[in-house]
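Chain by chain, the residues:
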Amino acid sequence: MEMLPERSPSDVPNIAAMRSEDIADVLAIDAASFQSHRTTTDNLQEEMDRPWSHLWVARTPQGQLAAFIVLWHVADEVHVLNVATDPSFRRHGYARALMHHTIAFAKKHEVRLVLLEVRRSNGAAMALYRTLGFSAMGVRRGYYSDGEDGIEMMLTFDPKTKEIVPQPDEITIA
Ligand SMILES: CC(C)(COP(=O)(O)OP(=O)(O)OC[C@H]1O[C@@H](n2cnc3c(N)ncnc32)[C@H](O)[C@@H]1OP(=O)(O)O)[C@@H](O)C(=O)NCCC(=O)NCCS
């Protein structure tokens, strides 16, 4: 039997803008993903109503909501506020597909930087961001409500070519 090539969500991204009907599924992923989960239906609805806010969901080929991302596009920067994948769909490329979608959006809108903060202990997320070309640029001491530091990560674009410019880390992460 002929083997078919393996397909990942990044090959066939099933990504769409979040709708009100998606809120319950997104809240469930949020609750399963973050210890300090406090997001509510109202928070998400308010976020969807902000003109500078973009919320996208990624679905499995069967239509299940697997992952979501929230970002702000302000002036020539994109700030990724949140990205999470349902624990049962992790390591299938859904967060990477959402991040690729974000980078494509940033290029289309001639954005200069994509920024985000990540917990110092969150090796999985940092590994994901590094595969995409993000560098660690600073520390926000006690950024999270439990006092953990936030690591600032950044992706930079060449203003002329619009291509990603790899930057060296400016901090050492212990
Ligand atoms: C971080 C998170 C979003 C990754 O989602 P995901 O859909 O499983 O990620 P992907 O499958 O797209 O992974 C892409 C790459 O990221 C890296 N990566 C993802 N999870 C990893 C892990 N647990 N350990 C090491 N590297 C990891 C790998 O390089 C991976 O590529 P590979 O699978 O080919 O090796 C997910 O673990 C999650 O929801 N965590 C809880 C919420 C969270 O921490 N969000 C980030 C807030 S800043």
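No experiment lies behind these values; they were computed from the predicted model shown.

About the criteria used
- Residues numbered from 1 in each chain as written.
- Predicted model: local features only at pLDDT ≥ 70, side-chain atom pairs only at ≥ 80, totals over all residues.
- Heavy atoms only, no water.
- Helix = DSSP H or I, 4+ residues; strand = E, 2+ residues; numbered from the N terminus.
- Core = buried A, V, L, I, M, F, W, Y, C linked by side-chain atoms within 4.5 Å.
- Buried < 20%, exposed > 50% of the residue type's maximum accessible area, 1.4 Å probe, protein only.
- Contact = heavy atoms within 4.5 Å.
- Salt bridge = Lys/Arg side-chain N within 4 Å of Asp/Glu carboxyl O.
- Near = heavy atom within 4 Å.
- Areas by Shrake-Rupley, 256 points an atom, 1.4 Å probe, with all protein chains shown as cover.
- Nonpolar A, V, L, I, M, F, W, Y, C, P; charged D, E, K, R; others polar.

A. Fine view of unusual backbone geometry. One non-glycine residue, Arg91, lies in the positive phi region at around 65 degrees. Tracing the backbone through its elements, the reader meets Arg91 in the loop between β4 (77-85) and α3 (94-108).

B. Broad picture of the nonpolar core. Within the largest apolar cluster, 35 residues are counted, with the highest numbers of intra-cluster contacts made by Met99, Val114, Leu116, Val118, Tyr129, Phe134 and Met153. Per element, the largest residue contribution to this core is eight residues, and it comes from α3. Discounting residues that sit within four places of it in the chain, Tyr129 has contacts with Val83, Met99, Leu116, Val118, Phe134 and Met153. Ile29, Leu44, Leu55 and Leu65 belong to the second-largest nonpolar core, a separate cluster that totals twelve residues.

C. The arrangement of the pattern of salt bridges in detail. Across all of its chains, the model carries 14 salt bridges by this definition. When the shortest N-O distance is used, the salt bridge between Arg140 and Glu117 registers 4.0 Å. Highlighted residues: Arg140 in strand β6 (residues 135-140) and Glu117 in strand β5 (residues 113-119), separated in sequence by 23 residues. Each of Arg19, Glu21, Asp22 and Arg59 takes part in one network of salt bridges that share partners.

D. A look at the side chain of Thr85. Take Thr85: it is sitting in strand β4. Every residue in contact with Thr85, bar those within four places of it in the chain, is listed here: Ile29, Ser33, Ala66, Ala67, Arg90, Tyr94 and Ala95.

E. Main features of the site of the ligand. Near the ligand there are 21 residues, and of these Val83, Thr85, Gly93, Arg96 and Asn122 occur at the shortest range. For the ligand, whose unbound accessible area comes to 910 Å², protein coverage reaches 77%. Put simply, the parts of the chain that give the shell around the ligand at least two residues each are β4, α3, β5 and α4 (123-131). Looking at which element gives the most residues to the shell around the ligand, the answer is α4, with six residues. Within the shell around the ligand, the residues separate by chemical class into eleven nonpolar, six polar and four charged.

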